[in-house]
Amino acid sequence: MQKINNKILLESIKFAEGEFLPLQFIEKQELIEEIVQKFDTLNNIQAEKIESADMEIDDNMLSQFDEPTEIIQEGIQPQISDKSISNWQESTSMLELSNAVSGCMKCKFGETRTNIVFGDGNPNAEIMIIGEAPGKNEDLSGIPFVGDAGKLLDKILEAIKLSRQDVYIANVVKCRPPGNKTPTEDEFAECLPYLKKQIELVSPKIILTLGAVPLLALFGKGYQITKVRGQELDYNGIIVIPTFHPAYLIYNPSAKKYVWEDVQKLEKIYQNIQSEK
Ligand code: SF4
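Residues numbered from 1 in each chain as written. Predicted model: local features only at pLDDT ≥ 70, side-chain atom pairs only at ≥ 80, totals over all residues.

A.B. asks: Whenever I open this one, the overall build of the protein confuses me. Can you help?
C.D. replies: Scanning the protein from terminus to terminus reveals 13 helices and 6 strands. Buried residues in the protein amount to 36% of all 277 residues. At a minimum sequence separation of 6, the contacts of the protein that also span at least 24 residues come to 70%. (Helix = DSSP H or I, 4+ residues; strand = E, 2+ residues; numbered from the N terminus. Buried ≥ 20, exposed ≤ 12 C-beta atoms within 10 Å, placed from the backbone. Contact = placed C-beta atoms within 7 Å.)

Next up, the structure:
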């Protein structure tokens, strides 16, 4: 094993805890993964994550990740609103659109939500990031990607010198599915038009999709995340780069290298777009 200094050791511990490697340590990723695998003096939680890092990534395992996850439902009270949403299609700004859908009860997820999690970031951004659905923290705050996966997403953005103000972030589904279950195609059908309207209003040059659900929502069946991850797809003239969801990386740190490749690709395309202006 190569020489290990305190900084590498510190980054190894953070990596084992699910954090994204800072830019200057990317070259050391293999060494850090080796350290994470070998150190058995970490606590039990870290040890579980090390176990995950030892696992081979294959399609079977990733498809299991896409299966609904049973989590005990929080005690969220139904919130009913009679606000009309009939004219949302005519919205000409993100604020208008978010106001128009703020009382939406078009699907069953509306009955158990605390807040609609509409979107965050810069509605004039050239990069749009699309996730799956709000989780517990997002439901409580009304802001997408504020939990552990959100912190990891912030670090991913930071690694390519971007912040939330450089991107617009939205989910396919705006209300938290009870038990954090992965929404099916039928379940997100009512909400998808809102996302499409958001894409129309932002009019981004690049979209980064996170996980299987946004890929299914934009392209339909036949586009599996394990097969098309990192490729450049086309959605109505917009470049789409699919990658893994940050929540997946928390339990599978060894997949970070794939996400790093994908966001580097995004960064390069973004820089090219900037230089052509
Ligand atoms: S998930 Fe979407 S369609 Fe369903 S109630 Fe919430 S905003 Fe409306």
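A.B. asks: Mind showing me how you'd approach unusual backbone geometry here?
C.D. replies: Peptide bonds are trans in most cases, and residues, glycine excluded, mostly fall at negative phi. In this structure, Lys161 takes a positive phi of about 60 degrees despite not being glycine. Within the secondary structure, Lys161 sits in the loop between α7 (148-159) and β3 (167-171).

A.B. asks: Would you mind going over the pairing of strand β6 (residues 238-243) with me for this structure?
C.D. replies: A regular strand places its side chains on the two faces of the sheet in alternate fashion. In the sheet, strand β4 (residues 206-210) pairs with β6 via 5 bridges, with the strands oriented parallel. Within the sheet, the bridge partner assigned to Ile206 lies in β6 and is Ile239. Adjacent in sequence and paired antiparallel, strand β5 (residues 233-235) and β6 are bridged by 2 residues, among which Asn236 carries a positive phi angle near 50 degrees. (Pairing = 2+ DSSP bridges.)

A.B. asks: What's the story with the site of the ligand in this structure? I'm lost.
C.D. replies: Residues in close proximity to the ligand total 13 residues, the closest being Cys104, Cys107, Gly110, Cys175 and Cys191. Residues that form the shell around the ligand fall into these classes: 9 nonpolar, 1 polar and 3 charged. (Near = placed C-beta within 6 Å. Nonpolar A, V, L, I, M, F, W, Y, C, P; charged D, E, K, R; others polar.)

A.B. asks: How should α7 be read in this particular structure?
C.D. replies: Since there are 3.6 residues in each turn of an α-helix, residues three or four apart along the chain are aligned in direction. Counted at 1.5 Å a residue, the expected span for α7 with its 12 residues is 16 Å, and the 17 Å between its end C-alpha atoms agrees. Within α7, the full set of buried residues consists of Ala149, Gly150, Leu152, Leu153, Ile156, Leu157 and Ala159. Close packing links the buried residues of α7 with β3, α12 (246-251) and α13 (256-275). (Expected span 1.5 Å × (residues − 1).)

A.B. asks: Can you help me understand α13 in this one?
C.D. replies: With 20 residues, α13 should reach 28 Å at 1.5 Å per residue; the first-to-last C-alpha distance of 28 Å fits that figure. The set of residues buried in α13 consists of Lys256, Val259, Val263, Leu266 and Tyr270. Here the buried residues of α13 occupy an arc of 80 degrees about the axis, which is enough to place them on one side. Facing away from the buried side of α13 by over 90 degrees, the exposed positions are Glu261, Lys268, Gln271, Asn272 and Ser275. Those residues of α13 that are buried are in contact with β2 (127-131), α7, β4, β6 and α12. (Arc of directions from axis to C-beta.)

A.B. asks: What's the story with the sheet that holds strand β1 (residues 120-121) in this structure? I'm lost.
C.D. replies: Within a sheet, adjacent strands bond to each other through the backbone by hydrogen bonds, running parallel or antiparallel. Strand order in the open sheet formed by 6 strands is β1-β3-β2-β4-β6-β5, with mixed pairing between adjacent strands. The sheet terminates laterally at β1 and β5, the two strands that pair on one side only. Here 3 bridges tie β5 to β6, and the two strands are oriented antiparallel to one another. Note that in β6 the partner of Tyr235 across the bridge is Ile238.

A.B. asks: Would you mind going over the nonpolar core with me for this structure?
C.D. replies: Side chains of a nonpolar character, in soluble globular proteins, are inclined to be buried together. If you look at the biggest cluster of nonpolar residues, it comprises 57 residues, and the most contacted ones within it are Ile127, Met128, Ile129, Ile130, Val167, Val172 and Leu208. If near-sequence neighbours (up to four positions away) are discounted, Ile130 is found in contact with Ala170, Asn171, Val172, Leu195, Ile207, Thr209, Leu210 and Pro214. Among the nonpolar cores identified, the runner-up in size contains 5 residues, and Phe15, Leu21, Ile32 and Val36 belong to it. (Core = buried A, V, L, I, M, F, W, Y, C linked by C-beta atoms within 7 Å.)

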